[in-house]
Each structure stands twice: as C-alpha cells, then as structure tokens.
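Fold and geometry: a report
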Amino acid sequence: PAGKRPYGEVARMILDYLASNPAISHLAEHGKVVFTYKLNCYPSKMHASNIRVMLGHAELRPERKAESYRIARAEADYLISLMQPADVPLAFFTPAYATDPELRENETAGFQQGQTMNIYPADVATAFVRLGKATGERKYIEAAERIASTFMCTQLECGTWYIKQYFKDAKPVVPNLMIPTSV
C-alpha cells in the first residue's frame, strides 16, 4: 500500500526523534552517557553511529544544524576521551565494550572487558572525518589520523588485522582475521 507520508518526511521524523532521544541527547546535555540504555555498552559502535545520525539530521534539518552538531561533538569528544593512550600497542583505538561500572553486569560488556573489535575504531575514525569535514574542526580529523596510524603500525603481513585483540598487549582474542573493508 502507499505510504501515509513521503519518505523524506519520515526520515526527518525519525532523525528528529533520535536527536531528542535521551539515550543520545543526554550526553550533550549533561556530559554523561545514559547507561540505562543497554546498547551504550558498545561505545565505539553506538557513538560513531550517533555522530553519523546527527550529521544526517543536520543535512535534513538545516534549521536544527547547531543542535545536531552540538550532539555530534559531544559524542565525538566522549569517544576521544576513551581512546587508548599513545604508549600502548593499540594506541588511540576506542573500546568496543564499555568499562563503566554500571555496565559490568551487562553480560557482553562485562566478559569482554579489555578487548577491542577492530572494525569499530575504523568506524569511529570515519565518523570523526565526517564530523571534521562538516564542522571544519581539525581536532576530529587529527583523532582519525591517530587511529589510522595505529592501523598502519599493526597491519599483519597478509594485509589485514585480527578481528579482536586485547588492549594490554595487542594479542588476538581469537585467530580470526577481519575483512578489512572498513579500515
């Protein structure tokens, strides 16, 4: 059957909803992540997605561009705060699993502490590049470049990377290799 609304209108409605959803907007409003929203236990995945959503919102709702960029910046700054230090093997990578004590009981976030899934730092870097281009803020491009430099230093001879590694020593969690398209 024909839709009740045009696709563009529906897209704007969805993005408006996401921009006002406390699971996303709370970080920009209060400087804290809403961990009652259980999917926030995946910081790299969720916050990189939120950056992209807010950039899309800014495009479809130019009158709300400042709000969208404010939320996207808060998401990016949070991810930057989670980056690994420069002196570890996976320097500047962002975690796939949250380390917040509120989430330790979450089964996935809890038992996978100290691990990264390498597709997500690449996803974060891509979101940073898009945000940096949209806002003209170089710090996001530089954060993406730091992630990229670690990928360059950790690439295996076969041309790819382990899909999951431990932050402490960069040893693989499992021997599986990742399909390197995102990197």
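Quantities reported herein were computed from a predicted structural model and do not represent experimental measurements.

Looking at where Thr 126 falls in the secondary structure, it is placed in helix H6 (residues 119-135). For Thr 126, a relative accessible area of 39% translates into the label partly exposed. Residues Thr 126 and Glu 59 lie 67 residues apart in sequence; the distance between their C-alpha atoms is 18 Å.

Once that is clear, we can look at the environment of Ile 163. Among the secondary structure elements, Ile 163 is positioned in the loop between helix H7 (138-154) and strand E2 (164-166). Overall, the relative accessible area of 24% leaves Ile 163 in the partly exposed class. For Ile 163 and Thr 116, which are 47 residues apart along the polypeptide, the C-alpha to C-alpha distance reads 8.2 Å. Ignoring sequence-local partners within four residues, the contact set of Ile 163 consists of Thr 116, Met 117, Asn 118, Val 174, Asn 176, Leu 177 and Met 178.

Turning next to the side chain of Asn 50. Secondary-structure assignment places Asn 50 in helix H3 (residues 43-60). With residues near it in sequence (within four places) discarded, Asn 50 still touches Ile 24 and Glu 75.

Criteria and thresholds
- Residues numbered from 1 in each chain as written.
- Predicted model: local features only at pLDDT ≥ 70, side-chain atom pairs only at ≥ 80, totals over all residues.
- Heavy atoms only, no water.
- Helix = DSSP H or I, 4+ residues; strand = E, 2+ residues; numbered from the N terminus.
- Buried < 20%, exposed > 50% of the residue type's maximum accessible area, 1.4 Å probe, protein only.
- Contact = heavy atoms within 4.5 Å.

Taken by themselves, the reported measurements are silent on function.
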